[in-house]
Structures are given as structure tokens and as C-alpha cells.
Amino acid sequence: MRTLNAARTRVADYYLNVVTQTVDNKQYHALDSDWPQIRALLEYRHFHFTVLVGKLSAYWHARAMFQELIWWSKEAVAVCKGTNRTVHLSNLGTAYREIGQPQTAREHLQEALQMSQGNPWLESTNLNHLGLVSHDLGQTDSAIDYFQRALTLAQKTGRKAVEGNALGNLGLLYYDTGELNKAIEYSQKTVIIARETDNQRMLGLALANIGSSYRGLGQPETAVSFYQETLVYAHQFGDLPMEGKVSENLGLTYTELGRCDLAVSFFERALVIARLMEHKRDEGDNLYNLGTAHHTLAHNNTAIDYYREAITVWRELSEKQGEAITLGHLGDVYYDMDDLSMAMTHYQQSLAIAQEIDYQQRQMGNLANIGNVYSAWDQTDNAIAAYNKALSLARKMDDAHNEGVILNRLGNIHFAQEQINQAITYYQQALEANHRAGDHQNEIAWLNNLGRAYYEDQQWELAVTYYQRAATASHALADTYRQATQLRHVALAHSKMGKSEQAISYYVQALTAAQISGNQEVEINSLGSLGLLHRGLGQRREAQHYLQQAYDQFEDSNSPQARTIQQLLDEMASMSTVTQAVGK
């Protein structure tokens, strides 16, 4: 028996040394292969037991093994006193917070805080943890108080690691409350301390928060650089939760940048990690993200598969909101595939769930989409009824952006029915809502629609006014492509008023913008219109110049437009020959 115990002691000493070195170096993934032996050693309850549990807490946390952390920390709390008991209570609190039980976490952390009085390091550490729990519970003022107390205590006692954690936590809190410049300020201070103390996890969290803050400030390119740096640290030290979250954030940022091809690989990595850690919510989020990315890339069948997998996860979790959102987006995929019956089915399923949980934003979106389907089916009355219900919800929520979108769709329906006055009324209301929302992108479309309606009603001056405003708005956004279209409309309206010289001036401007932006349709139209206008003014040479350029733009010289221009050129050439003959 004595020989057996001595052998176990040697094994215990060996693995305690392995765990200590590995955890101190934060090479957590290196313990994966040794975990069965370490678990057996824990079951043996060697005299190193409580020390080993304390050391392993960092490993369990990094590998998201929170149930293991809770189980063994409870066992350790039961057999130890004093400082060691405080440490294990603190570990219990952080683990319960990670599994979404903040009230239980607070109970353990408050007991740990009481026991840590007189020990500045433990006291400030527990203050930090309690701040995080308060933040989870939506108690922002309480969280700031805990973090500031932890920061003051750490600075007084020179505890750099705790100071860095407090600064980092304040950075995270200010990010969540939308004070992004403050978030960057505190996180940058955290980065300095993390590098001084060689604390890679602290560094990674701070860099990730800076990246998220820049993303929130509308600077995605800057965000990417910070996320990429964070990912290196997370992967290097085997911190799966951080690697998974940063991979997801990189995917979302690349999506915002219009690089869904790059986003897919990061969402796939985040999905793998979520499944490894058995984090069902993260799994559902990344299945949804993959569905959205593939939909954007027009990989519709793949998008459908991912959305359906996400719906399965949401139903397992009884996550009604996620299910409603995903069903709605699944309807969007079918709509884009012109499978309107399937689109309608999923919009209605999503609407039913949204109404069940009083999710008004999704109700509004589904009603608007149902209106789109009815409109595509030429069921005008049903479409208008659905749009009006959506409009009522948008106004109830003071959602000016979607109010403008829905009003514009109502305007389009009335325009298609040649009810121009009603269309103009809706377009004007859409523009007013758009101004309240500060939505500069949609403003161009709404102004264009008003110009089009007034043009159709032969109110040329008003048409010119709105087309010119649309052209100015396009120029302000450096959108030369759309600017070319608006300038062409201005020229056309002047032409309808018989103002040929003004029309020529605007067609020249439209032509320049079209050539810069590659808007070939406007380029050909402007060249042809310039040719006809000069022809009407008897300026034969200029007319031939523009008509020949227009003809040269056609890839198919047998197209109806190309043949028409060729006939005009032939007629003008014949007239030129006759004129020369008469002159002789």
C-alpha cells in the first residue's frame, strides 16, 4: 500500500507540475491529451487536490468546460478554508456567470468578497467579477461602481493584472452602453498593461473590444485589423471561446464590407468551435450567419440548408425570436428564387411567431414582405392592406426608415395603377420620413420616384426639380453611376419642354458621369439623344458625331436601336450628298 501511495504521489507531483507550467504559459490546448489522467488524479483526491483544482480552473474556463469547473470547485470549497476557499468560491461565481446564471454567480462572488477583506488582490478580483455580473443583470451603475472600486484598489496596491482587468471591464461596459470612444480609451489602457504583464488573454479581449468599437463607429477596415490580431492570440493560446467570438465578429465585419466570400470561412470556424463547446446559441447564430452570407452570394440552396439547421437549433432552445427572424429570411431566399408560394408560407409562419411573442419589428417586416408577394401576384387590394398594417407598426415604433420604405412601396402600387396623384402623396410622405431617419441612400430613390411621377403627369418643371435634387444627392455620396441616370432624366424633361440647349447641356453632363462610372445604358442613350437634338437644331456635323459614337457602343449591330441609328446616319449621309450635288 505504501508503494502504491508513493507511486500516486509521484504521478500527482508530475501532473501538478505539467498543469502549472501549461496554465502559466497559457498553452491550454496542450492539456487536452492529458485530461483523462488528470481527471483520474482528481478522483483520487490526493493532497494536491485543491491546488490542482485551482490551477485547472483557467484550463476549464479557456476550453469552456464550465460544468467540470463547477463540479470540482464545489468539491474544493467543501474541503478547504481561508484564502483557498475564497479562490474556489470566486471560480464558482465566474463559471455560473458563463452558463447564464448571474444570480447564483453573485451569491458565490459576494461570499468570496466578504472572505477576501484584507487581501487586496482577491478583493479587487472579486469586485471585478461582481461588476461583470451586475452588468449581465442590467445594473450599469452598480457595475461601474464595482469596476471603479477594483481599479482604485488595484492601483493603490500596484496589482497590474487586476488593474488591467478593471480597465478592460470598463471598456466592455462602455461598449455595451454605446459609449464607443470611451470603450476604446479604456481598452487601449488595458492593452498597455496587458503587454507590460505579458497577459495574452487580457490583451486579446482588449483588442477585440477595440475592434468592435471601431466597427460600431463605422470603421470596419480598422476593426478587421484589431480582430485579426486578437485571433492570432486566441489561436496561439487555445482560447476557444475568444477564437469563436472573434471569428464570428470577423465574419460579420467582412459581411458589412461586402466580402461575404471571406465572411463564410470565419463563420464556418465559429460554427465548429460552437459545436465543440456545445454552445447551442452560438451554433444557431453562426448557422444563421452562414445562411445570410450564402444568400448574399446567391448560393440560395446552401442558404436554405443553413437557415433550416438554424431553425432546428432555435426550436431546441425554444428561442422564438431567432426562429421568427430565420423563417423570415428563409422567405426572402424563396422570394429571390421566384418561389412566391414558399416565400408566403415562411413569411406567414414568421409573422405568427412574431405576433405570439409581440415582436413588432419582425411583424412589420413580414407584413411588408407579404405585401410584396401580393403585389407580385397582382393582388393589389391585399398588398395595400398588408402594407398599411406594416406602416401602422412602423409609425407605432417610430421607425422612420421602414416607414419611408413602406410608403414608397404604396406609392409604387398607385403609380403602376396610373393613380399619379396618390403616388405623389405617398412619395412625398416617404421623403419626409426619410429625412427624419437621415437615410441618404434611400433619399435618392425617393427623389427619383417623385421626379418620375411628376414627369408622367407632364409637370416638367417639378420633375426637373426632383431629378436635380436626386443628382445632387448622388454626387454628395460619390455615386456617379446613379448621378448619370438622374442627369439624363433632367435632360429628358428639358427636352419635353422644348428647351433643347438646356437638354444638350444636361445630356453632356450625364454622358461624362456615365463614362466615368461605366453606366453604358446612360452613355448610349445620352449619345443618341445628343445626336437627335443636334439634328433637330440643324447641326448635322455634331449630330453625326454623337450618333456614330452611339452606334459604335452597340455590341450587336443588328439590334433594333443600332439599326435605327444606322438608318439615321445613312439618311444624313444621303442628305449631305444631295446638298453637295445641288451646291455644284
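Conventions adopted
- Residues numbered from 1 in each chain as written.
- Predicted model: local features only at pLDDT ≥ 70, side-chain atom pairs only at ≥ 80, totals over all residues.
- Heavy atoms only, no water.
- Axes fitted to C-alpha atoms, helices over the stretch in contact; angles between N-to-C directions.
- Helix = DSSP H or I, 4+ residues; strand = E, 2+ residues; numbered from the N terminus.
- Parallel < 35°, antiparallel > 145°, perpendicular 65-115°, else oblique.
- Left-handed = near helix turned anticlockwise from the far one by under 90°.
- Contact = heavy atoms within 4.5 Å.
- Core = buried A, V, L, I, M, F, W, Y, C linked by side-chain atoms within 4.5 Å.
- Buried < 20%, exposed > 50% of the residue type's maximum accessible area, 1.4 Å probe, protein only.
- Expected span 1.5 Å × (residues − 1).
- Phe/Tyr/Trp six-rings, centres within 6.5 Å; stacked < 30°, edge-to-face > 60°.
- Lys NZ or Arg CZ within 6 Å of the ring centre and 35° of its normal.

A. A look at the packing of helix H20 (residues 380-396) against helix H21 (residues 400-416). Look at H20 against H21: their axes get within 9 Å of each other, and the N-to-C directions meet at 160 degrees. It follows that H20 is roughly antiparallel to H21 by the angle criterion. Handedness of the H20/H21 crossing: left-handed. Listed contacts from H21 to Thr380, Ala383, Ile384, Tyr387, Asn388, Ala390, Leu391, Ala394 and Arg395 of H20 are Asn402, Glu403, Ile406, Leu407, Arg409, Leu410, Ile413 and His414.

B. Local environment of the nonpolar core. One finds Ile370, Ile406, Leu410, Leu450 and Ile565 to be the most contacted residues of the largest nonpolar core, which totals 87 residues. In contact with Ile370, not counting residues within four places along its chain, are Met344, Tyr347, Gln348, Leu351 and Ala386. Counting residues in hydrophobic clusters, the runner-up holds 78 residues, among them Leu173, Ile193, Tyr214 and Leu271.

C. Just helix H9 (residues 160-176), in detail. The end-to-end C-alpha separation of H9 is 24 Å, in line with the 24 Å expected for 17 residues at 1.5 Å each. The set of residues buried in H9 consists of Val162, Glu163, Gly164, Ala166, Leu167, Gly168, Asn169, Leu170, Gly171, Leu173 and Tyr174. Buried residues belonging to H9 abut helix H7 (120-136), helix H8 (140-157), helix H10 (180-197) and helix H11 (200-216). Gly178 occupies a position one or two residues after H9 and carries a positive phi of about 85 degrees.

D. A look at the packing of aromatic side chains. Under the definition given, this model contains eight aromatic pairs. Their ring planes at 15 degrees and their centres at 5.8 Å tell us that Tyr214 and Phe226 sit as a pair that is stacked. With Tyr214 in helix H11 and Phe226 in helix H12 (residues 220-236), this residue pair connects regions lying 12 residues apart in the sequence. Pairing Tyr374 with Trp377 gives two aromatic rings, centres 6.2 Å apart and planes at 70 degrees, and the pair type is edge-to-face. For Tyr374, a relative accessible area of 18% corresponds to the buried category. The exposure class of Trp377 is partly exposed, given its relative accessible area of 33%. Over the aromatic face of Tyr186 sits the side chain of Lys189, whose NZ or CZ is 5.3 Å from the ring centroid. If you follow Arg452 out to its NZ or CZ, it ends over the ring of Phe415, 4.0 Å from the centre.

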